[in-house]
Amino acid sequence: MTHHTASAEELEALARHARWLVLSTVADAGAGHIGGPLSQMDLLLALYFNHLRIDPSDPHRDDRDRFVLSKGHTAIGLYTVLALRGYFDPAELATFDHGDSRLQGHPDMRMLPGIDASTGSLGQGLSVAVGMALGARLQQRDFHTWVLLGDGEIEEGMVWEAAYAASRYGLDNVTAIVDRNGLQQYGWPAGASDRFDRRDPWAGKDVGAIFRGFGWDVIDIDGHDHAEIDRALETACGARGSAGRPTVILAETVKGKGVSFTEGTYRWHNGIATADQLAAARAELGQPETVGVAR
Ligand SMILES: Cc1ncc(C[n+]2csc(CCOP(=O)(O)OP(=O)(O)O)c2C)c(N)n1
Ligand SMILES: [Mg+2]
């Protein structure tokens, strides 16, 4: 299981390509999410290219790191990263959301090797990850479990039961990442202090203090800054077996990041780009006409 090392420039090129694949694949399928897959993209690329101990040619091996996409609706963002990392041919993205496809609208671990948990009903992934981390301890395995949550998603009570349990059992082999894009599906109308066009689900609340209160270590980062992401992932995982506390990375992001008309608006939680919008996005992302899904 070699550690793949992509430079910041390579990650940026991958991110432009992957963001184009998300937008064009969803447009081609006629359904799917945009904002969340784009906000989480830099985090997932850093994980899959530089930090997860995985082997795309042997996706089931016992000692692999586990990854749970708790915000399962952003599956297309994970599929693009898995394809670019070599789990399957990117051409298969054209089957996204078809009835007989391995690439369902929400991830299905029974269909696609590389998916460690079936998700989509929000709020459950941290509990799944805590179970995996406890399992690793029982089996005396040193794999690390990573879980990505949405900032709307963590309004769910079950998340906080899992947060309690992770710290109760001193699980330093699990790391949660929260994609703090400040938007959920609809949310409340924005107030004066909001960053975007709807109220941040955690406006006026100190999410870091809440996690700390549950006994977690907290790292705040800019979720689009490759150097900060890299340091945070290294720190969280470097604590493997020593700190006795779980770590959460609170990643400040922009929903719809990378495409001007999707950035910072709840309306692009999901959506189908028109031909004109696709052309504009392709130009912004610097993708040649020969790349990816055409329409
Ligand atoms: C239990 C549950 N309730 C509602 C939904 C419908 N739903 C899908 S995405 C979403 C908003 C999620 O917002 P957030 O967690 O912030 O994700 P992101 O902004 O990254 O897309 C909702 C309510 C769901 N999938 N599961
Ligand atoms: Mg959100």
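Residues numbered from 1 in each chain as written. Chains lettered and ligands numbered in written order. Predicted model: local features only at pLDDT ≥ 70, side-chain atom pairs only at ≥ 80, totals over all residues.

Here is the rule we go by: UniProt positions are given in the numbering used here, feature names are shortened, and annotations may be inferred rather than shown by experiment.
An unreviewed UniProt entry lists the chain under the name Transketolase, from Nakamurella leprariae. Of the comments in the UniProt record for the chain, the one headed Sequence similarities (unreviewed entry) reads "Belongs to the transketolase family." Database annotation for the chain, UniProt heading Cofactor (unreviewed entry): "thiamine diphosphate".

**Description of the overall build of the chain**
Our working rule: Here a helix means four or more residues in a row that DSSP labels H or I, a strand means two or more in a row labelled E, and each is numbered from the N terminus. Our radius of gyration is a C-alpha quantity, and the globule rule it is checked against amounts to 2.2 Å times the number of residues to the power 0.38. As a rule, residues whose C-beta atom has 12 or fewer other C-beta atoms within 10 Å are exposed, those with 20 or more are buried, and those in between are partly exposed; C-beta atoms are placed from the backbone. We call two residues in contact whenever the C-beta atoms placed from their backbones are within 7 Å.
Across its full length, the chain holds 9 helices and 5 strands. N-terminal to C-terminal, the α/β element order of the chain is α-α-α-β-α-α-β-α-β-α-β-α-β-α. For 295 residues, the compact-globule estimate of 2.2 N^0.38 gives 19 Å, and the chain sits close to it at 18 Å. Principal-axis analysis of the C-alpha atoms gives the chain an extent of 50 × 50 × 35 Å. Within the chain, the proportion of its 295 residues that are buried is 49%. The contacts in the chain between residues at least 6 apart in sequence include a share of 75% that link residues at least 24 apart.

**Description of the site of ligand 1**
Put simply, the rule reads: Nearness is defined per residue: the C-beta atom, placed using the backbone, must lie within 6 Å of the molecule or strand. Residue polarity follows a fixed list, in which Ala, Val, Leu, Ile, Met, Phe, Trp, Tyr, Cys and Pro are nonpolar, Asp, Glu, Lys and Arg are charged, and the others, Gly among them, are polar.
As a structural note, the neighbourhood of ligand 1 is formed by 21 residues, with Gly-36, Gly-150, Gly-152, Glu-153 and Gln-184 the closest of them. For the shell around ligand 1, the element with the most residues is helix α2 (residues 35-39), which contributes 3 residues. Among the residues making up the shell around ligand 1, the classes are represented as 2 nonpolar, 14 polar and 5 charged.

**A look at helix α4 (residues 75-84)**
With 9 of its 10 residues buried, α4 lies for the most part within the structure. Taken residue by residue, α4 has Ala-75, Ile-76, Gly-77, Leu-78, Tyr-79, Thr-80, Val-81, Leu-82 and Ala-83 as its buried positions. The secondary structure elements touched by the buried residues of α4 are α1 (8-29), α2, α3 (41-51) and β1 (66-69). Residue Gly-86 follows α4 closely and has a positive phi angle near 100°.

**What to know about unusual backbone geometry**
Positive phi values are uncommon outside glycine, yet Asp-97 reaches one of about 70°. For Asp-97, the position within the fold is in the loop between α4 and α5 (125-138). The backbone of Gln-140 shows a phi angle near 55°, a positive value even though the residue is not glycine. Position of Gln-140 relative to the elements: it lies in the loop between α5 and β2 (145-150).

**Brief notes about the nonpolar core**
Rules: Think of a nonpolar core as buried Ala, Val, Leu, Ile, Met, Phe, Trp, Tyr and Cys residues, each tied to the set through C-beta atoms within 7 Å.
Among the nonpolar cores identified, the biggest contains 76 residues, and Leu-23, Leu-45, Leu-47, Tyr-79 and Leu-126 are the most heavily contacted of them. It is α1 that contributes the most residues to this core, 10 residues altogether. Those residues within four positions of Tyr-79 in sequence are excluded, and the remaining contacts are Leu-93, Phe-96 and Leu-103.

**A look at the packing of α1 against helix α9 (residues 275-284)**
Put simply, the rule reads: Only the stretch in contact is used when a helix axis is fitted, and all axes are lines through C-alpha atoms; the angle between N-to-C directions ranges over 0 to 180 degrees. Here the word oblique covers every angle except those under 35 degrees (roughly parallel), over 145 (roughly antiparallel) and from 65 to 115 (roughly perpendicular). By convention, the crossing between two helices is left-handed when the near helix turns anticlockwise from the far helix through less than a right angle, and right-handed when the turn is clockwise.
One way to put it is that α1 packs onto α9 with a least axis distance of 10 Å and a crossing angle of 165°. Judged on the interaxial angle alone, α9 and α1 are roughly antiparallel. Between α1 and α9 lies a crossing of left-handed hand. Residues Trp-20, Leu-23, Ser-24 and Ala-27 of α1 lie in contact with α9, whose contacting residues are Leu-278, Ala-281 and Arg-282. Here the residues of the contact of α1 with α9 are counted per class, giving 5 nonpolar, 1 polar and 1 charged.

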